[in-house]
Amino acid sequence: MLKAVILIGGPQKGTRFRPLSFEVPKPLFPVAGVPMIQHHIEACAQVPGMQEILLIGFYQPDEPLTQFLEAAQQEFHLPVRYLQEFAPLGTGGGLYHFRDQILAGGPEAFFVLNADVCSDFPLSAMLEAHRRQRHPFLLLGTTANRTQSLNYGCIVENPQTHEVLHYVEKPSTFISDIINCGIYLFSPEALKPLRDVFQRNQQDGQLEDSPGLWPGAGTIRLEQDVFSALAGQGQIYVHLTDGIWSQIKSAGSALYASRLYLSRYQNTHPERLAKHIPGGPRIRGNVYIHPTAKVAPSAVLGPNVSIGKGVTVGEGVRLRESIVLHGATLQEHTCVLHSIVGWGSTVGRWARVEGTPNDPNPNDPRARMDSESLFKDGKLLPAITILGCRVRIPAEVLILNSIVLPHKELSRSFTNQIIL
């Protein structure tokens, strides 16, 4: 018997994902046509012996989240439950707080997945590695180049046994080109070190002269409090993958993740990819079109385009490397490139909405998405263009490398601006 835990965080996280996270919890943001965490649930449901999937986070269980959970249970024929933390507890605190629910029924092991990663999720391969050599912690690792590895948790392994000898979260100098993917397989015994951290936090809190500075005993950081402390003690091992993997920290990385998932659909979900049919729009590359969307036959779509529920795409529209969210309208001869068009937004006739991609270096097989910052030296950096919810762009206007907050009606062109 197996279980899976997906760590979905809370509204205090995902600030780099704004304004998109204003309207929907980040884990439910559509990537390649389905909510971000549906990719995780699909992968977990395919593992033989999976009995239950638990979501742990600090979001309020609002209507969109409740509806998603109900739909997921029906589609995957598995219990999918949400466990709400009483406060943000870090990457390990929720696991310890809900340990009884995780261990109920006596699972052999349980997967732990961060919600904000895109991957092909080699969970069956991880399970095989775990069963060959059982240890409390098995981490999924991949490689990054020397410079970008500093943005991740870095792993030094024994190349013969794959034991993790040293672990440093976001080091200041180069440690290793093996990085933590945020996907794990834990034995039930893995909760004991979390208990030790909890008890140590309790003692520290009781000794602290200024209680207001104490973050709380329940806050546990897997990476710093557990992995770094236990590395080299024969308890943590790494399983390396050369499959797809990327973090989803910003809107630009969501667009890149959409491309990776759309490419995977050729093998995993070919039915989700639009096909060119006589009398239909011209399809170039991998494109997802929701069945309720209305797309004019003279539109040209792709590559890497995802069109959501109830979207209207007019005659002569050109869409490339973009996500169009549900209820949006692209009027005749609109051009949208490297952009995300928000829910219910309207882009007028002959308008152009364009961003600048920030993809990994295609000439470096170990390159990853950079951790984008919106600003440098007080200036907005070129990035993809984001239109928030219910934005109206008039006809013949150019929006370039800009972020438009929700409910704005523009009257002129903008370049490299945040429109408040």
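Residues numbered from 1 in each chain as written. Predicted model: local features only at pLDDT ≥ 70, side-chain atom pairs only at ≥ 80, totals over all residues. Heavy atoms only, no water.

1. Considerations on the overall build of the protein
As a reminder, the rule being used: Here a helix means four or more residues in a row that DSSP labels H or I, a strand means two or more in a row labelled E, and each is numbered from the N terminus. What the globule rule says is 2.2 Å times the number of residues to the power 0.38, and the radius of gyration is computed from C-alpha atoms. The buried label applies to any residue whose accessible area, calculated with a 1.4 Å probe on protein chains only, is under 20% of its type's maximum; exposed applies above 50%, and partly exposed to all values in between. Contacts between residues were defined by any pair of non-hydrogen atoms, one from each residue, lying within 4.5 Å. We get accessible surface area from the Shrake-Rupley algorithm with a probe of 1.4 Å; when it comes to residues, only the shown protein chains can shield them. His is not counted, nor are the chain ends, whereas Lys and Arg count as positive and Asp and Glu as negative. Charge positions are represented by NZ for Lys, CZ for Arg, CG for Asp and CD for Glu.
Assigned secondary structure in the protein consists of eight helices and 32 strands. Expected size for 420 residues packed as a compact globule is a radius of gyration near 22 Å; at 22 Å, the protein falls within 12% of this value. Once the C-alpha set of the protein is aligned to its principal axes, its extents read approximately 65 × 50 × 45 Å. The proportion of buried residues among the 420 residues of the protein is 54%. Partitioning the contacts of the protein with sequence separation of at least 6, the portion at a separation of at least 24 is 58%. As displayed, the protein has an accessible area near 18500 Å², and 49% of this comes from carbon and sulfur atoms. A gap of 5 Å separates the mean positions of the 37 positive and 37 negative side-chain charges of the protein.

2. Some thoughts on the domain arrangement of the protein
Note the following rule: Start and end points for every domain follow an automatic or database-based domain assignment. As a working definition, buried area equals the accessible area (1.4 Å probe) given up by two parts on being put together, with both sides summed. When a carboxyl oxygen of Asp or Glu is within 4 Å of a side-chain nitrogen of Lys or Arg, the pair counts as a salt bridge. Throughout this description, a polar contact denotes any pair of N or O atoms lying within 3.5 Å of each other; where both atoms belong to protein, one of them has to be capable of donating a hydrogen while the other can accept it, and for residues adjacent in sequence the pair is counted only when both atoms sit in side chains. Note that Gly is not counted as nonpolar here; it falls among the polar residues with everything else outside the nonpolar set of Ala, Val, Leu, Ile, Met, Phe, Trp, Tyr, Cys and Pro and the charged set of Asp, Glu, Lys and Arg.
By the assigned domains, the protein splits into domain 1 (2–247) and domain 2 (273–415). Tallying the contact residues gives 20 residues for domain 1 and 20 residues for domain 2. The contact between domain 1 and domain 2 buries some 1800 Å² in all, and 56% of this surface belongs to carbon and sulfur atoms. Taken together, the connections running from domain 1 to domain 2 amount to zero salt bridges. In this structure, the connection of domain 1 to domain 2 is made through six residue pairs in polar contact (both at pLDDT 80 or more). The set of elements that each furnish at least two residues to the side of domain 1 that touches domain 2 consists of strand S8 (137–143) and strand S13 (245–247). Of the residues that constitute the side of domain 1 that touches domain 2, the class distribution is ten nonpolar, seven polar and three charged.

3. Section: the environment of glutamine 148
Of note, glutamine 148 is situated in the loop between S8 and strand S9 (153–157). Spatially, the C-alpha atom of glutamine 148 lies 43 Å from that of glycine 280, the residues being 132 residues apart in sequence. For glutamine 148, the residues in contact, after removing those within four places along its chain, are Arg366, Ala367, Arg368, Met369 and Asp370. A distance of 2.5 Å separates a polar atom in the side chain of glutamine 148 from the backbone oxygen of arginine 368.

4. Section: the packing of aromatic side chains
As a reminder, the rule being used: Each pair of aromatic rings taken from Phe, Tyr and Trp, with Trp reduced to its six-membered ring, is defined by centres within 6.5 Å and is described as stacked if the planes are under 30 degrees apart, edge-to-face if over 60, and tilted in the remaining cases. In this scheme, the term charge over a ring applies when either NZ of a lysine or CZ of an arginine sits within 6 Å of the ring centre and within 35 degrees of the ring normal.
Enumeration over the complete set of coordinates arrives at ten aromatic pairs. Where phenylalanine 137 meets phenylalanine 186, the ring centres are 5.0 Å apart and the plane angle is 75 degrees; that geometry is what we call edge-to-face. One end of the pair, phenylalanine 137, is in strand S8; the other, phenylalanine 186, is in strand S11 (residues 178–186), with 49 residues separating them in the sequence. Take phenylalanine 186: its relative accessible area is 1%, and that puts it in the buried class. Taking 6.1 Å as the distance between ring centres and 80 degrees as the angle between the ring planes, the aromatic pair formed by phenylalanine 137 and phenylalanine 227 counts as edge-to-face. With phenylalanine 137 in strand S8 and phenylalanine 227 in helix H7 (residues 222–230), the pair connects residues that are 90 residues apart, well separated along the chain. Neither phenylalanine 137 nor phenylalanine 227 differs from the other in exposure class; each is buried. Three or more aromatic residues link up through ring pairs in this structure, and these residues are Phe110, Phe137, Tyr167, Tyr184, Phe186 and Phe227. In this structure, arginine 99 is placed above the aromatic ring of tyrosine 96, and the distance from its NZ or CZ to the ring centre is 4.0 Å. Across from the ring centre of phenylalanine 174, 3.8 Å away, lies the NZ or CZ of arginine 146, which sits over that ring.

5. Regarding the environment of isoleucine 399
As for its placement among the helices and strands, isoleucine 399 is situated in strand S29 (residues 398–400). Judged by relative accessible area, which is 0%, isoleucine 399 ranks as buried. Through-space distance from the C-alpha of isoleucine 399 to that of threonine 415 is 6.0 Å; in sequence the pair is 16 residues apart. Setting aside its immediate chain neighbours within four residues, isoleucine 399 contacts Arg352, Val353, Glu354, Thr385, Ile393, Val404, Leu410, Arg412 and Phe414.

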